[in-house]
Amino acid sequence: MIMKRNIKVIGAVVMALTGAMYGCAKVENGFLSTQIRYVDNPIQIKRGQVQQTNPVSNDGSSAPVVYKLLDIRTADKHVHADSMFAKFDRYEWIGKFDPQKDTTIALLNTKRQKVTTPCFEFNEHTGAFTFYGTSVKVPLGTYEFDISASNQNGTKEYKNIGTITLVDEPPYHVGDGGAAWFKDGTTTSGDLGAPIVTIKKISDEGTNIILKIADQNGRYFNPSKGEIIRRGDRSDFQTYAQFHPLEKTDTSMVCNFETTPFPLLQSAYGYLIYYRIPSQFVKVDAGYAPTADPIYNVNPRFQFQIFQEGTYEVTVTIKHVNRL
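Residues numbered from 1 in each chain as written. Predicted model: local features only at pLDDT ≥ 70, side-chain atom pairs only at ≥ 80, totals over all residues. Heavy atoms only, no water.

Evaluation of the coordinates by the stated rule reveals 16 salt bridges. For Arg47, the salt bridge identified is with Asp168, shortest N-O distance 2.9 Å. In this pair, Arg47 is assigned in the loop between strand E1 (43-46) and strand E2 (51-52) and Asp168 in the loop between strand E9 (154-167) and strand E10 (172-174), connecting sequence segments 121 residues apart. Using a relative accessible area of 14% as the deciding quantity, one classes Arg47 as buried. Across the pair Asp215 and Arg219 runs a salt bridge, and its minimum N-O distance is 3.0 Å. For Asp215, a relative accessible area of 0% corresponds to the buried category. On the basis of relative accessible area, Arg219 is assigned to the partly exposed category, the value being 39%. (Salt bridge = Lys/Arg side-chain N within 4 Å of Asp/Glu carboxyl O. Helix = DSSP H or I, 4+ residues; strand = E, 2+ residues; numbered from the N terminus. Buried < 20%, exposed > 50% of the residue type's maximum accessible area, 1.4 Å probe, protein only.)

Pairing within the open sheet is antiparallel, and its four strands lie in the order E12-E11-E19-E17. Of all strands in the sheet, those with a lone pairing partner are strand E12 (189-191) and strand E17 (273-274), marking the two edges. Judged from the two bridges that link them, E17 and strand E19 (residues 296-302) form a sheet pairing that is antiparallel. Residue pairing in the sheet places Tyr274 in a bridge with Arg301 of E19. (Pairing = 2+ DSSP bridges.)

Once the domains are mapped, the protein chain shows domain 1 (37-167) and domain 2 (172-323). Of note, the centres of domain 1 and domain 2, computed from C-alpha atoms alone, are 38 Å apart. Counting residues at the interface gives 15 residues for domain 1, matched by twelve residues for domain 2. Surface buried jointly by domain 1 and domain 2 totals about 1,000 Å² across both partners, of which 57% is contributed by carbon and sulfur atoms. There are two salt bridges connecting domain 1 and domain 2. For Arg112, the salt bridge is made with Glu258, and the minimal N-O distance between the two is 2.9 Å. At the boundary of domain 1 and domain 2, one finds four residue pairs in polar contact (both at pLDDT 80 or more). When the residues that make up the side of domain 1 that touches domain 2 are grouped by side-chain class, the tally is six nonpolar, five polar and four charged. (Domains from an automatic or database assignment. Contact = heavy atoms within 4.5 Å. Buried area = accessible area lost by both parts, 1.4 Å probe. Polar contact = N/O pair within 3.5 Å; in protein donor to acceptor, adjacent residues only side chain to side chain. Nonpolar A, V, L, I, M, F, W, Y, C, P; charged D, E, K, R; others polar.)

It is worth spelling out the nonpolar core at this point. If you look at the biggest cluster of nonpolar residues, it comprises 35 residues, and the most contacted ones within it are Ile209, Ile213, Phe237, Tyr275, Phe302 and Phe304. In contact with Ile209, not counting residues within four places along its chain, are Phe237, Met253, Val254, Cys255, Phe257, Phe262, Phe304, Ile306, Tyr312 and Val314. Counting residues in hydrophobic clusters, the runner-up holds 26 residues, among them Tyr67, Cys119, Ile161 and Leu166. (Core = buried A, V, L, I, M, F, W, Y, C linked by side-chain atoms within 4.5 Å.)

As structure tokens, then:
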């Protein structure tokens, strides 16, 4: 019994001494990892398009962590990238924009304001970058960058934590379409195949689309003289050009779309644009319509999206037809 009591006493003394030793040790405030990283590194950004990167991975660091961008350099010469920090005019949202309700310039301008900033923003809470359309003014290439991270543990710097490469990709997408002839006053019809849609960016300035519809030989139908008309309740160019009325010329329909992407909203028909060319202005190739009589109207449908500000010429070429 005496031996057992002595063992208990010795155990208690050891535990007390151990507790005293740990009580004197300095307790670390939180945890700040040395392995903070960007999981999507190397980062690729489509120049001129709005794009957000993934947030940084903090590797279990104690929240909250505050990040700071320290520098961006050119990856080839390792010098400060002045072009990345150059300031350009752009619009910034200051209110919740509802494209179904905010359909006038006056309403749109209550939700946005013009600012002069670099082509990107850095989020101190997530470490993510948001690039804006003004990145189109920054040279293509690869850039390296440094950040710091701070929490209750202190601050650590992360040199060359990632790279950002600006690339050029088409700032638009062409979707599926089709075309058909209809015999006037009937539902009799035939297929003409999908029209060819080509998009050319004329300028980085403005927010304009010049839409032209041509026959198979490149001759443009005349919207201002009724050679291109709407199809009942189907969506058309004006459906999506919601802030300004179309300007019609002898060869084109022009709209100022104001903000990207265009279209902002899908209609009941997706992004499709429908038009009709009355029979007195068009002739269908032999073999595609039953006769050579001028009694067949032509109905093209097509769709495209624009993701970057600028001025674009969109040409829709209808196969197997000729303008009269």
